[in-house]
Amino acid sequence: MATGAAMADEDAELVINGEIEMIERTTPPAHLDGALGDTIMSGWIFREDETQAFQMDDFENPAMIYVDKAMDMFETVDGAAGQACSSCHTDVAEFEGLRTQLPRVNEATGKLETMEDIINGCRTGRMQADAWKWSSEEMQSMVSLIGLQSRGMPMDVAIDGPAQSFWEEGKEMYYTRYGQLELSCANCHEDNWGNMIRADHLSQGMTNGFPTYRLSATRLISQHNRFRGCIRDTMAESFAEGSDEFRALELYVASRGNGLSVETPAVRQ
Ligand code: HEC
Ligand code: HEC
């Protein structure tokens, strides 16, 4: 059981631009069965004051430059079909709420789809444009722009019905010990959240802020890139970004944070 809970700033409240109130801590979803105690918490709570402040102000948040770039891309024709995103989607605001549901099972294909999959599906299928690489600046900027439309809304991924087998696969990965260090995701983010690991204050490993802008890397980080980094820290071979394994893991990790609001794009050290 984590002992460092008291280290997480109990008084901090996430209010963006002085107006958008976030649910940065709440009651855990039932499926966690007490594994994280009586409160799930956004990663924002564990960051230093300065990093927190960057995220609370859109004029300070360095990720917003990429959101602006994505807005330009949204309106720019690309690909052989001569279309822009905006040719078919007149207003990005139509994507409000979408981020809270992803990843989800695509009814037509039966596959688990992420925001990256949906965007590339429109690019290749409808625009006849090249697919963007998973963690490319273009892709993560667009993922941020569309995710931002759900900011403040609680995460609410489905884990039953057609999603259940993917969810179970992701859950099994979460508790599998990887690498020479034989550490599972749970060993760090469930058993040791609140404690320090080297210079890092360990969070519960939530994904509600992704893509996150990392000040140390000076760029947007995708969820799969973060998973890869965490697995590499255990000295293990990792799965690839965009792999089915990481899609399943993304669903399971998202479900641990059901109830926390979308903070896209969040800021991290
Ligand atoms: C030729 C028309 C067309 C173009 C161009 C297009 N889309 Fe789509 N897009 C669709 C259709 C049709 C759907 C499925 C129906 C729907 O949900 O609107 C869709 C679905 C989506 C969805 C899922 C919406 C939801 O609520 O499930 C997203 C996100 C999206 N598109 C983003 C984009 C982005 C970003 C671009 C540009 C890179 C783009 N689209 C370009 C036609 C298009
Ligand atoms: C050796 C410990 C360790 C293991 C094992 C580990 N992580 Fe992490 N993880 C960290 C550290 C340190 C950070 C950065 C500080 C933080 O947010 O906790 C981090 C950050 C994260 C974040 C970003 C949280 C945020 O709010 O920005 C996610 C998501 C995450 N990890 C998921 C995972 C998943 C999924 C696994 C298993 C595949 C995993 N981690 C395994 C140490 C670990």
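Going by the structure above, here's the rest.
Cut-offs applied
Residues numbered from 1 in each chain as written. Chains lettered and ligands numbered in written order. Predicted model: local features only at pLDDT ≥ 70, side-chain atom pairs only at ≥ 80, totals over all residues. Heavy atoms only, no water. Donors = N, O, S within 2.8 Å, 3.2 Å for Na, K, Ca; no water. Tetrahedral: all angles 85-135°; square planar, octahedral: opposite > 155°, others 65-115°. Helix = DSSP H or I, 4+ residues; strand = E, 2+ residues; numbered from the N terminus. Buried < 20%, exposed > 50% of the residue type's maximum accessible area, 1.4 Å probe, protein only. 1 Å grid on protein atoms, 1.4 Å probe; cavity = no way out; pocket = protein on both sides within 12 Å on 5 of 7 lines; lining within 4 Å. Points joined across faces, edges and corners; volume = space filled by probe spheres on them. Nonpolar A, V, L, I, M, F, W, Y, C, P; charged D, E, K, R; others polar. Near = heavy atom within 4 Å. Polar contact = N/O pair within 3.5 Å; in protein donor to acceptor, adjacent residues only side chain to side chain. Sits in = over half its atoms within 2 Å of the grid points.

A. Fine view of the coordination of the iron atom of ligand 2. Within the protein, the iron atom of ligand 2 binds to His-189 (NE2) and Cys-230 (SG); these donor distances fall in the range 2.0 to 2.3 Å. In this structure, the iron atom of ligand 2 is coordinated by six donor atoms arranged in octahedral fashion, with angles at the metal of 85 to 179°. Here Cys-230 lies in helix α9 (residues 223-232) and His-189 lies in helix α8 (residues 185-189), a separation of 41 residues in the sequence. Residue classification places Cys-230 among the partly exposed positions, given a relative accessible area of 30%.

B. Main features of the coordination of the iron atom of ligand 1. The protein atoms that coordinate the iron atom of ligand 1 are His-89 (NE2) and Cys-122 (SG), at distances of 2.0 to 2.3 Å. Around the iron atom of ligand 1, the six donor atoms are arranged such that angles at the metal cover 87 to 178°; this shape is classified as octahedral. Of the two residues, His-89 is situated in the loop between α3 (85-88) and α4 (98-101) and Cys-122 in helix α5 (residues 115-126); the sequence distance between them amounts to 33 residues. Of the residues examined, His-89 reaches a relative accessible area of 22% and is grouped as partly exposed. Exposure remark for Cys-122: the relative accessible area of 23% places this residue in the partly exposed category.

C. How the structure looks around the layout of surface pockets. Counted as a void, the largest pocket has a volume near 870 Å³. What lines the largest pocket is a set of 32 residues, and nearest its centre among them are His-189, Leu-202, Ser-203, Arg-226 and Cys-230. Within the residue set of the lining of the largest pocket, elements represented by two or more residues are α8, β8 (200-201), β9 (212-214), α9 and α10 (244-256). It is α9 that provides the largest number of residues to the lining of the largest pocket, a total of four residues. Classifying every residue of the lining of the largest pocket gives 15 nonpolar, 10 polar and seven charged. Here the second largest pocket is characterised by a volume of approximately 660 Å³. Lining the second largest pocket are 31 residues; nearest its centre among them are Asp-117, Ile-118, Ile-119, Gly-121 and Cys-122. Counting only elements with at least two residues in the lining of the second largest pocket, the list comes to α3, β6 (112-113), α5, α6 (137-148) and α10.

D. Broad picture of the site of ligand 1. Among the 15 residues in the neighbourhood of ligand 1, the closest are listed as Cys-85, Cys-88, His-89, Arg-104 and Cys-122. Between ligand 1 and His-89, the relevant distance is 2.8 Å, taken from a nitrogen atom to a side-chain nitrogen or oxygen of the residue. Note that an oxygen atom of ligand 1 is positioned 2.9 Å from one of the side-chain N or O atoms of Arg-104. Mapping ligand 1 onto the cavity grids shows that it belongs to the second largest pocket. Only α3, α5 and α6 provide two or more residues apiece to the shell around ligand 1. The dominant element in the shell around ligand 1, judged by the number of residues it contributes, is α5, at four residues. In terms of residue class, the shell around ligand 1 is made up of 10 nonpolar, two polar and three charged.

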